[in-house]
Amino acid sequence: MKNILEIKDLVKKFKYFQLGQISLSLEEGSILGIVGPNGAGKTTLIKSILGLVVKDSGTIKVFDKYLDKSGVEIRDRIGFVNNEMIMRGIVSPKSLGKIYGKFYSKWNQKVYDDYLARFDIIPSKSISKLSQGMQMKTSLAFALSHDADLLILDEPTAGLDPIFREEIIDILLEELEDTAKSIIISSHITSDLDKCADYLLVMNKGKILLHGGKDEIIENHRLVKGDKADLNETSQELFVNYRENKYGFEGLTKDLSNLKKTVSSGYVIERPRVEDIMYYYCKK
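So, a few notes on the structure that sits alongside this text. Counting from 1, residues in each chain are numbered in the order their sequence is written. Thresholds applied to this predicted model are a pLDDT of at least 70 for local features of residues and 80 or more for the giving and counting of side-chain atom pairs; totals over whole chains, interfaces and linings are not thresholded and use all residues. Hydrogens and waters are ignored; side-chain quantities use all the structure's heavy atoms.

1. Focus: the pairing of strand β12 (residues 239-245)
Okay, so step 1: Direction of pairing for β12 relative to strand β13 (residues 248-253): antiparallel, over a ladder of six bridges. Across the sheet, residue R243 finds its bridge partner in β13, namely E250.
Okay, so step 2: Criterion used throughout: strands pair if DSSP finds at least two bridges between them. Numbering of helices and strands runs from the N terminus, with a helix taken as a DSSP run of H or I at least four residues long and a strand as a DSSP run of E at least two residues long. Between β12 and the antiparallel strand that follows it, β13, lie two residues.

This is how it looks when you write it as structure tokens:
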């Protein structure tokens, strides 16, 4: 498969924070889920890909073109959804399409109108008077209406009810029926990524802690629950991280075979979720 995104040695420095060095790639027809705690660098990475922040070093290629040289052309092919909702000043969803749709070469007003109807959005109602969930739906409708080859969604399900979150997942999978398209999702709602992500990127403090195929990462790790008495110097070294409570301990390991030799027979083994992977890799 051809790569739709290639990042090499990306660095962005702020006064109290540094992103990088970041290197990663994303294949066409796949979904990358980005997870990490607040301040991990997820949004800075996304804004770097969009050219909304100026990198200090490294290279970013999207659609096999360098962002530095072809930024306008690249952004024409990207659909972006952000929970900051920068379009609040627009009078209505209808005017949003008329004003900003013209900036995209493949803007389709009919598709936009159909999504507004599908999402039960009143076209003439002021966006500032819409709920947070309805504003997010409006942003998503806009992003889906210019035949984007890459969708970048920063917390797209924030403020949405579980039913509509499920519908968004279905819509995103529909988009991938065209295998040349790809999706990047940054989300605190990791259960959404359990359902749809092909690849997983775990970030903390501007660094990549883990990156690879989601299913492979999950299969290579296991949650182990057991008695505190089994937490000794040897067993602790076999955990990515662990936590204790009054009942015992729970930890994430990628060396289950050796861990079994160091703990008693009273342990429980479970398949981790994306949330578990993120928690134990980012836990201090």
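2. Description of the sheet that holds strand β9 (residues 199-204)
Okay, so step 1: Strands sit in the order β6-β7-β8-β3-β9-β10 across an open sheet of six strands; the sheet is mixed. Two strands close off the open sheet at either side, each with one partner strand: β6 (78-82) and β10 (207-213). Adjacent strand axes in the sheet meet at a mean angle of 10° when their direction is disregarded.
Okay, so step 2: Strands β3 (31-35), β6, β7 (150-154), β8 (182-186) and β9 of the sheet are contacted by helix α1 (residues 42-50), whose axis makes an angle of about 150° with β7.
Okay, so step 3: By the convention used here, residues are in contact when the closest approach between their heavy atoms is within 4.5 Å. Every axis in this analysis is a line fitted to C-alpha atoms, fitted for helices over the stretch in contact. Angles between the N-to-C directions lie between 0 and 180 degrees. Packing of helix α11 (residues 274-282) onto the sheet brings it into contact with β3, β9 and β10, and relative to β9 it is tilted by some 30°.

3. Here we look at the packing of aromatic side chains
Any pair of aromatic rings gets described here by the distance separating the centres and the angle formed by the planes.
Okay, so step 1: Stacked, tilted and edge-to-face pairs are distinguished by plane angle, under 30 degrees for stacked and over 60 for edge-to-face with tilted covering the rest, among Phe, Tyr and Trp rings (Trp via its six-membered ring) whose centres lie within 6.5 Å. Enumeration according to the criterion identifies eleven aromatic pairs in this entry.
Okay, so step 2: Between the aromatic rings of F239 and Y242, the centroid separation amounts to 5.9 Å while the plane-to-plane angle is 50°, which identifies the pairing as tilted. Here F239 and Y242 have matching classes, each one buried.
Okay, so step 3: Members of the aromatic cluster, joined through ring pairs, are Y104, W107, Y112 and F142.
Okay, so step 4: Charge over a ring is defined by NZ of Lys or CZ of Arg lying within 6 Å of the ring centre and within 35 degrees of the ring normal. The aromatic ring of Y66 is capped on one face by K61, whose charged end is 5.1 Å from the ring centroid. Residue burial is assigned from relative accessible area. The probe radius is 1.4 Å, only protein chains are included, and a residue is buried under 20% of its type maximum, exposed over 50%, and partly exposed in between.

4. Some remarks on the side chain of Q135
Okay, so step 1: Here Q135 is to be found in helix α5 (residues 132-143).
Okay, so step 2: A polar side-chain atom of Q135 sits 3.2 Å from the main-chain carbonyl oxygen of L130. Between N or O atoms, a polar contact is any pair within 3.5 Å; within protein, one atom must be a potential hydrogen donor and the other a potential acceptor, and residues adjacent in sequence are included only when both atoms are from side chains.

5. Topic: the environment of A180
Okay, so step 1: For A180, the position within the fold is in the loop between α6 (162-175) and β8.
Okay, so step 2: For A180, a relative accessible area of 31% gives the class partly exposed.
Okay, so step 3: Through-space distance from the C-alpha of A180 to that of L231 is 48 Å; in sequence the pair is 51 residues apart.
Okay, so step 4: In this structure A180 touches I4, E28, G29 and D149, once residues within four positions along its chain are discounted.

6. Here's the deal with the packing of helix α4 (residues 109-118) against α5
Okay, so step 1: In the contact formed by α4 and α5, the axes pass within 9 Å of each other and the chain directions differ by 155°. Taken together, the axes of α4 and α5 are roughly antiparallel relative to one another. When you trace α4 past α5, the crossing you get is right-handed. Taking contact as the criterion, the partners of Y112, Y115 and L116 in α4 are, on α5, T138, A141 and F142. When describing relative orientation, an angle under 35 degrees is termed roughly parallel and one over 145 degrees roughly antiparallel, while 65 to 115 degrees is termed roughly perpendicular and anything else oblique. In this scheme, a crossing is called left-handed if the near helix is turned counterclockwise away from the far one by less than a right angle; it is called right-handed if the turn is clockwise.

7. A short note on the nonpolar core
Okay, so step 1: Remark: nonpolar core denotes a set of buried residues (Ala, Val, Leu, Ile, Met, Phe, Trp, Tyr, Cys) joined through side-chain atoms within 4.5 Å. Grouped together as the largest cluster of nonpolar side chains are 46 residues, with contacts concentrated most on F119, L151, L153, I183, I185, V202 and I277.
Okay, so step 2: Here this core gets six residues from one element, more than from any other, and that element is α11.
Okay, so step 3: Excluding anything up to four places from it in sequence, F119 contacts M134, K137, L140, A141, F164, E167 and I171.
Okay, so step 4: Counting 26 residues, the second-largest nonpolar core is a separate cluster that includes L5, A40, L201 and M203.

8. A few points about the sheet that holds strand β1 (residues 3-13)
Okay, so step 1: The strand order β2-β1-β4-β5 describes an open sheet built from four strands, whose pairing is antiparallel. What marks the edges here is a single partner per strand, and that holds for β2 (18-27) and β5 (65-66).
Okay, so step 2: Of the strand pairs in this sheet, β1 and strand β4 (residues 57-62) are connected by five bridges, and their pairing is antiparallel. Residue pairing for β4: L5 is matched across the bridge by V62.

9. Quick word on a nonpolar patch on the surface
Okay, so step 1: Exposure above 30% relative accessible area and the absence of a salt bridge qualify a residue for a patch, where like charges join within 9 Å and nonpolar side chains (Val, Leu, Ile, Met, Phe, Trp, Tyr) within 5 Å. Shrake-Rupley sampling with a 1.4 Å probe provides the accessible areas, and residues are treated as covered by the protein chains on show and by no other component. The term salt bridge refers to a side-chain nitrogen of Lys or Arg lying within 4 Å of a carboxyl oxygen of Asp or Glu. A grouping of I99, Y100 and F103 is seen on the molecular surface, where their side chains present a nonpolar patch of about 320 Å² in accessible area.
Okay, so step 2: Tracing the backbone through its elements, the reader meets I99 in helix α3 (residues 93-100).
Okay, so step 3: Here I99 falls in the partly exposed class, since its relative accessible area comes to 42%.

10. So, the pattern of salt bridges
Okay, so step 1: As enumerated under the stated definition, the model contains 19 salt bridges in all.
Okay, so step 2: Residue K65 pairs with E73 through a salt bridge whose shortest N-O separation is 3.6 Å.
Okay, so step 3: K65 gets classed as partly exposed once you look at its relative accessible area, which sits at 29%.
Okay, so step 4: With a shortest N-O distance of 3.8 Å, D215 and K214 are connected by a salt bridge.
Okay, so step 5: In this structure D215 comes out as partly exposed when scored by relative accessible area, which is 46%.

Just distances and angles here, no functional claims.
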